[in-house]
Amino acid sequence: MLDNEHEPDDKKKSGVANMDTLNNIKLSCTVTCIAKRNQGKSFCVQSLVYNWLKSGRLKSHNIILFSSTSATNGEYDWLPPENRRYGYDETLLKQVIQWQKRRILLLQKKARTANVKVTMPGILLIIDDVLTSSGKNNHVFSPTLKYLFCQSRHFYISIIFCSQLAKVIASPTIKSQSDYILISQLSAEQLKAVYSVTSG
């Protein structure tokens, strides 16, 4: 999906949408954002999340950021320091998932016992530019991230995943489990690669 507020209505209906669409997407969701460096991925995402906060959409959510660049650009300074991790931490991510699973299952059990409705607390995970082309940092293919993309909605976890590498969309897990795919300023070869794996 391309973010372009100047597209005609028929384009918007066919899957191309503007920021209003993103501001109102249903949580829990998975959003994959792919663009070359210096194209504003982090700025777009932090603006979107900040708008969600201001509108009250995240009032029952914890926000956790994994980012390789936020320490230097200050784009997420409005997040408390304890919510920001500089780089990717597989162990911490596993702990967050397990904590959220236990929390949701316990609340669901209490709600059934008391026969009442309970607002389930959510988590928003922002995973921003932690993936590189080197094998040791190729986190997108880790079992934890694959599990997260496939099962997160069941435990009220939303994911925003940003990468400079167009090839990440070739992962069957990313392709099939992304509710929204945002692309910007990719080369013709990269766009062809994205189209080839998302058109079927």
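Residues numbered from 1 in each chain as written. Predicted model: local features only at pLDDT ≥ 70, side-chain atom pairs only at ≥ 80, totals over all residues. Heavy atoms only, no water.

**Student:** In this structure, what is going on with the overall build of the protein? I would like to understand it.
**Tutor:** Scanning the protein for helices and strands turns up eight helices and six strands. Going from the N terminus to the C terminus, the protein shows its helices and strands as α-α-β-α-β-α-β-α-β-α-β-α-β-α. Buried residues in the protein amount to 41% of all 200 residues. Sequence separation of 24 or more characterises 70% of the internal contacts of the protein that already satisfy a separation of 6 or more. (Helix = DSSP H or I, 4+ residues; strand = E, 2+ residues; numbered from the N terminus. Buried < 20%, exposed > 50% of the residue type's maximum accessible area, 1.4 Å probe, protein only. Contact = heavy atoms within 4.5 Å.)

**Student:** How should the side chain of Arg84 be read in this particular structure?
**Tutor:** Mapped onto the secondary structure, Arg84 falls in strand S3 (residues 84–86). Filtering out sequence-adjacent residues up to four positions away, Arg84 remains in contact with Leu65, Tyr76, Asp77 and Leu79.

**Student:** Got a minute to help me understand the environment of Thr113 in this structure?
**Tutor:** Position of Thr113 relative to the elements: it lies in helix H5 (residues 90–114). You can call Thr113 exposed: its relative accessible area is 68%. Of the polar contacts made by the side chain of Thr113, one reaches the backbone oxygen of Lys109; its length is 2.9 Å. (Polar contact = N/O pair within 3.5 Å; in protein donor to acceptor, adjacent residues only side chain to side chain.)

**Student:** Would you mind going over unusual backbone geometry with me for this structure?
**Tutor:** The omega angle of the peptide bond from Leu27 to Ser28 is 10 degrees, so this bond is cis rather than trans. By the secondary structure assignment, Ser28 is in the loop between helix H2 (19–23) and strand S1 (30–35). Backbone geometry at Asn115 places phi at a positive 55 degrees, although glycine is not the residue there. Relative to the elements of secondary structure, Asn115 occurs in the loop between H5 and strand S4 (122–128). Notably, Tyr156 is not glycine yet its phi reads approximately 60 degrees, a positive angle.

**Student:** Is there a simple way to think about helix H3 (residues 41–54) in this case?
**Tutor:** Note that an α-helix has 3.6 residues per turn; residues three or four places apart therefore point the same way. With 14 residues, H3 should cover 20 Å at 1.5 Å per step; its first-to-last C-alpha distance of 20 Å lies within 8% of that length. Where H3 is concerned, the buried positions are Lys41, Ser42, Val45, Gln46, Leu48, Val49 and Trp52. Along the axis of H3, the buried residues cluster in a sector spanning 155 degrees; they form a single face. Seen from the open side of H3, the exposed residues pointing more than 90 degrees away from its buried face are Phe43 and Lys54. Looking one or two residues beyond H3, the residue adopting positive phi is Gly56, at roughly 85 degrees. (Expected span 1.5 Å × (residues − 1). Arc of directions from axis to C-beta.)

**Student:** What's the story with the confidence of the model for the protein in this structure? I'm lost.
**Tutor:** When pLDDT drops low, the exact placement of atoms in the prediction is not to be read closely. Taken over all residues, the pLDDT of the protein has a mean of 77, while the share at 70 or more is 74%. Here residues 1–17 is modelled with pLDDT under 50, and outside its nearest four sequence neighbours on either side it reaches 22 contacts, counting other chains as well. (pLDDT = per-residue confidence, 0-100.)

**Student:** Sorry if this is basic, but what is going on with the packing of aromatic side chains here?
**Tutor:** To describe a pair of aromatic rings, one takes the distance between the centres and the angle between the planes. Per the counting criterion, the structure on display carries four aromatic pairs. Ring plane angle 50 degrees and centroid distance 6.1 Å describe the contact between Phe66 and Tyr88, whose orientation is recorded as tilted. A residue pair is termed long-range when its members are at least 10 positions apart, and Phe66 in strand S2 (residues 61–67) and Tyr88 in the loop between S3 and H5 qualify at 22 residues. Here Phe66 falls in the buried class, since its relative accessible area comes to 0%. For Tyr88, a relative accessible area of 17% gives the class buried. Seen in terms of ring centroids, Tyr76 and Trp78 are 6.0 Å apart; in terms of plane orientation they differ by 40 degrees. Their pairing is tilted. (Phe/Tyr/Trp six-rings, centres within 6.5 Å; stacked < 30°, edge-to-face > 60°.)

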